[in-house]
Amino acid sequence: RHIIGMLQGYQIAVVLDNDPQKAGQLWAGVPVHQTDEFLKAHSGENYKFIVPTRSYRAICEQLNYYGYEIHKQVFATYCRNEYFTESLLEQKINHIAEGKQLYDKLREVYPTEKMYICLHPGTGDVFLSGIYWEDILKNDHVTSFVAVTTSQACKKVLELFGINAIVIPGDVAGRLVYFLKLAGVDCTNARVLNDDHYYLVGRDFQGYKCLDFHTLFRRMVLGVKDARSIPQLMQTNADHWFSSLGLIKNKTVLLAPYAKSVDTIIPNEMWEQIAEQLISCGYTVCTNVAPKGETPIRGTIGITIPYHELLDFLDKAGGLIAMRSGLCDVVAGTKAKKIIFYPDRNVYGNRSFYSYFSLEKMGLAKENLTELEFHSASQDELMEAVLQMFCK
């Protein structure tokens, strides 16, 4: 009833319901028909369907059976919020309207370009998108495009692949996606490269038959069949870090203890022990820190290296010890020795975090790589790994 009220000025043809007893009634002044009977009688006719019910998945499949496709003629608008209210609906409608305004502004500057929305919270997803960017363009038959992302960090990652992206804050970009999903990707010449915002893609297959994140994201979201190795990334010389900070080439280890997407954090005391051990073995040790809010591990040098110098820096430094994060994807191709720590927990049913996001299992890194799950009883194992890789 609310949606019918909001669509004043549009031709609302019919309300469909699978319950045959409701057929013949009026709902908000619109006639009700039994779904299958109506679809059989009007197969192939030019309708668009809004599906605002909890059973939207089954109904979308039912409509698809009769030839109506998701994002083209079928649009699911169900909200899972159990406190669904008129004010919430008004808010969503306003968000869609704001998304349309943003879309129109973008189209003033990029009238015909294919629009790719990289709505990623972290850099790992957008890095995988960059690896397959040429495949995406080829599969979509695209020669001219505009990329939209939600953070300066993601923009810098795309620049490694020669892709210049527009940065739009995440909440604003989310409203753009609301509009694109309602208007339809074909009508808007746009595509969302994110599994959270693409109906029935990715999420339902997480943890299925030992699929790793790379394979799932590549096949289900990017639509690319064959895996690629990491291409040559754009890099500039990082020598000035060594000369200005007194770092030793081939005897420097970068610690990366901070990871926004991981809730199991190795205690600072453990990182301090690692740093002390490395220093005693003749290494200079740095901590990768964000410009604000992150502090270096005691006894190490805080450093913020831009992505366009990071691989060159690590190749010359010689070592990386990191908590699994998007940074690990970006630097997976370095020839430096790498120890990557993973939280000891499961994700998506019985899949371990390690088995789903392992750099080796994802095919991003293999040489000079040690991957370990961290839990409170594994500190000795972690220290032994550090000794084995860097001090023997």
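About the criteria used
Residues numbered from 1 in each chain as written. Predicted model: local features only at pLDDT ≥ 70, side-chain atom pairs only at ≥ 80, totals over all residues. Heavy atoms only, no water. Disulfide = S-S within 2.5 Å. Helix = DSSP H or I, 4+ residues; strand = E, 2+ residues; numbered from the N terminus. Core = buried A, V, L, I, M, F, W, Y, C linked by side-chain atoms within 4.5 Å. Buried < 20%, exposed > 50% of the residue type's maximum accessible area, 1.4 Å probe, protein only. Contact = heavy atoms within 4.5 Å. Pairing = 2+ DSSP bridges. Axes fitted to C-alpha atoms, helices over the stretch in contact; angles between N-to-C directions. Left-handed = near helix turned anticlockwise from the far one by under 90°. Nonpolar A, V, L, I, M, F, W, Y, C, P; charged D, E, K, R; others polar.

Points about the state of the cysteines
Covalent bonding between the sulfur atoms of two cysteines defines a disulfide.
Phase 1 of the analysis: With the rule as written, the count across this model stands at one disulfide.
Phase 2 of the analysis: Here C281 engages in a disulfide with C391; their sulfurs sit 2.2 Å apart. In this structure the cystine formed by C281 and C391 twists about its S-S bond by roughly 115°; its chirality is therefore right-handed. Taken together, the residues C281 in the loop between α12 (268–280) and β11 (284–288) and C391 in the segment after α16 (379–390) connect sequence positions 110 residues apart.

A closer look at unusual backbone geometry
Phase 1 of the analysis: Even without being glycine, H71 reaches a positive phi, approximately 75°.
Phase 2 of the analysis: Here H71 shows up in the loop between α3 (56–65) and β5 (74–76).
Phase 3 of the analysis: In the Ramachandran plot, N189 falls in the positive-phi region, its phi being about 55° despite a non-glycine side chain.
Phase 4 of the analysis: Residue position: N189 is located in the loop between α9 (185–188) and β9 (190–192).

Observations concerning the nonpolar core
Phase 1 of the analysis: Among the nonpolar cores identified, the biggest contains 85 residues, and L255, L278, F313, I321 and F341 are the most heavily contacted of them.
Phase 2 of the analysis: If near-sequence neighbours (up to four positions away) are discounted, F313 is found in contact with A238, W241, F242, L247, T252, L254, I303 and I305.
Phase 3 of the analysis: Formed by 16 residues, the second largest nonpolar core is a distinct cluster that contains Y103, L176, V177 and F179.

A look at the side chain of E272
Phase 1 of the analysis: Among the structural elements, E272 can be located in helix α12.
Phase 2 of the analysis: Setting aside residues no more than four positions away along its own chain, E272 makes contact with I297 and R298.

A closer look at the pairing of β11
Phase 1 of the analysis: Counted residue by residue, β11 has five buried out of five residues, so it is predominantly covered.
Phase 2 of the analysis: The pairing of β11 with strand β12 (residues 301–303) spans three bridges and is parallel. Bridging from a neighbouring strand, C286 pairs with I301 of β12.

Focus on the packing of helix α5 (residues 123–131) against helix α10 (residues 213–222)
Phase 1 of the analysis: As a packed pair, α5 and α10 sit with axes 11 Å apart at the nearest point and diverge in direction by 65°. Considering the relative orientation of α5 and α10, their crossing is right-handed. For the pair α5 and α10, the contacting residues are D125, L128 and S129 in the first and F213, H214, F217 and L222 in the second.
Phase 2 of the analysis: Per-class residue counts for the contact of α5 with α10 are four nonpolar, two polar and one charged.

What to know about the sheet that holds strand β2 (residues 26–27)
Phase 1 of the analysis: With mixed pairing, the three strands of this open sheet are ordered in space as β1-β3-β2. Of all strands in the sheet, those with a lone pairing partner are β1 (15–17) and β2, marking the two edges.

Things to note about the sheet that holds strand β7 (residues 145–149)
Phase 1 of the analysis: A sheet is described by the order of its strands in space; here four strands give the open sequence β8-β7-β6-β9, paired in parallel fashion. Two strands close off the open sheet at either side, each with one partner strand: β8 (165–167) and β9. The mean inter-strand angle of the sheet, taken between neighbouring strand axes irrespective of direction, is 25°.

Topic: the environment of A165
Phase 1 of the analysis: Along the chain, A165 turns up in strand β8.
Phase 2 of the analysis: In contact with A165, not counting residues within four places along its chain, are A147, T149, K155 and L158.

Comments concerning the environment of I163
Phase 1 of the analysis: Assignment of secondary structure puts I163 in the loop between α7 (152–159) and β8.
Phase 2 of the analysis: As for I163 and S151, which are separated by 12 residues in sequence, their C-alpha atoms are 14 Å apart.
Phase 3 of the analysis: Apart from the residues within four sequence positions on either side, I163 is in contact with W133, F145, A147 and L158.

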